[in-house]
Amino acid sequence: MTKFEVLILGNSSATPIYGRHPTSQVLNFNEQLFLIDCGEGTQMQLFRYGIKGSRISHIFISHLHGDHYLGLVGLLSSQHLVGRRGELHLYGPPALKEIIDLQFKHSDTRLRYPLIFHPTNEYRQEVIFENTQLSVSSFPLRHRIACTGFRFEEKVRSASLKKEEVERLNIPVPYLRLLKKGIDYVADDGTVHRAKDLTYPPPRPRSYGYCSDTVMNEDYFEAINGVDLLYHEATFLHDRVERAKETFHTTSLEAAQIAQTVGAKKLLLGHFSARYKDLQPLLYESRAIFPHTELSEEGKWFLV
C-alpha cells in the first residue's frame, strides 16, 4: 500500500515550551514530502528526525501568526546555502510573498533555486496542488486573521490483477493495463472476460485533514468530512472555552465533537497552550467523546 503518514515536528501553540516546538508537520505520500506550517525551529526538527530539506518540494503555510511561519525564512535560506537547485513551491496567504521578498531584499539574498509562490484563498475552498496520485485543497478557517486548513486527498487507485486467473486465460500483456481500469477483454473467439472478474477492487482512497488555528465553526466541516485522520488544534481544555472563543481557538472537547460530526476515523490533537505541561487531561477530555483520539507527539509518525 502507498505510504501515507504524518510526522509531527512541533505541537505547541504560540511559544516553544516544555520541550515542545511551534507548529510544523511533514506529510509523506509515496515518498514525496510536503511540509505543513513552519514554526520557529522547524529546520532543526527536520535535522533531528532525519528529514532532508532537499526532499521537500511543497510547503503549505496556514496563516501569518509567527508560530506557524517564523521558521520559513531560515529554512529557505539554508536550502540556498546548501546548493539546492530543484523547484520549491510555497503556498500561503498573499502577504507571505511580501514578507519573503522583504527579508531577502534586505539580506541581499538571491536564491539559487526557483521558489514558486501560490497564494491561498481565505474566502473559499479550492484545489491548490494536484498530480496523478494526490490532490491538496485549501479551505477557510475562522481565526483572528486570514487562515486556511488543508485537505490531502489520495486519488482512486487502479484495481489489482488476479494474476493466476489472468495467466490461465493467457491474456496478452498490453491488455492488462486496461483490465485495471475496468475495461473488459474480448478474446479472439469473441469470449468476453469481464474486468471485475479478473481484478481485485482498489482500496478506498485515504485523506488527511489539517485544521490549524480556528474557533469551532460549521463553515469548514464539509471540507473535512469523512477524513481518515483529522489533525485539529486543541489549544485549551473546555473549562477555558470562553478564552478559546476570545482568541479564536478550539478546546479539546470541541475538537472531539468536530471529529464525531464530520465522521473522521481518527483525531490528532495539537497546538497546545503553554499553560499545560501535562497534556493527558486534554487527551482524556477528547476521548470521552471521540475514543479514537491521539496527542500529536513530536518525532512520531501517524498513519493516515
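Definitions and cut-offs
- Residues numbered from 1 in each chain as written.
- Predicted model: local features only at pLDDT ≥ 70, side-chain atom pairs only at ≥ 80, totals over all residues.
- Heavy atoms only, no water.
- UniProt positions renumbered as here; feature names shortened; annotations may be inferred.
- 1 Å grid on protein atoms, 1.4 Å probe; cavity = no way out; pocket = protein on both sides within 12 Å on 5 of 7 lines; lining within 4 Å.
- Buried < 20%, exposed > 50% of the residue type's maximum accessible area, 1.4 Å probe, protein only.
- Contact = heavy atoms within 4.5 Å.
- Polar contact = N/O pair within 3.5 Å; in protein donor to acceptor, adjacent residues only side chain to side chain.
- Helix = DSSP H or I, 4+ residues; strand = E, 2+ residues; numbered from the N terminus.
- Core = buried A, V, L, I, M, F, W, Y, C linked by side-chain atoms within 4.5 Å.

Undergrad: Could you give me a rundown of the UniProt feature "binding site: Zn(2+) 2" (unreviewed entry) in the protein, with the residues and numbers involved?
TA: Sequence positions flagged by UniProt for "binding site: Zn(2+) 2" (unreviewed entry) are, in local numbering, D67, H68, D213 and H271. A compact arrangement is adopted by the annotated residues: their sequence extent is 205 residues, whereas the largest C-alpha distance between any two is 10.6 Å. Considered against the largest pocket, the annotated residues that line it turn out to be D67, D213 and H271. The exposure class of D213 is buried, given its relative accessible area of 2%. Residues in contact with D213, not counting those within four places in the same chain, are H63, H68, L141, R142, H143, C147, E233, F248, H249 and H271. In this structure the side chain of D213 is engaged in a polar contact, spanning 3.1 Å, whose partner is the side chain of H68. Structurally, H271 can be placed in the loop between β16 (266–270) and α9 (280–287).

Undergrad: Explain unusual backbone geometry residue by residue, including any values.
TA: A positive phi angle, close to 55°, is found at Y18, a residue other than glycine. Residue position: Y18 is located in the loop between β1 (4–10) and β2 (24–29). Its identity is not glycine, yet H271 carries a phi of approximately 60°, on the positive side.

Undergrad: Please provide a residue-by-residue account of the nonpolar core, values included.
TA: Core analysis: the largest hydrophobic core is formed by 29 residues, its most contacted members being Y220, I224, L230 and L267. If you list the elements that add at least two residues to this core, you get α8 (252–262), β16 and α9. Broken down by element, this core gets its largest block of residues, five residues, from α8. In this view, L230 contacts G209, C211, I224, I258, A259, V262, A264, K266, L267 and L268; residues no more than four positions away in its chain are not counted. In this structure, L33, L72, L88 and L96 belong to the second largest nonpolar core, which totals 23 residues.

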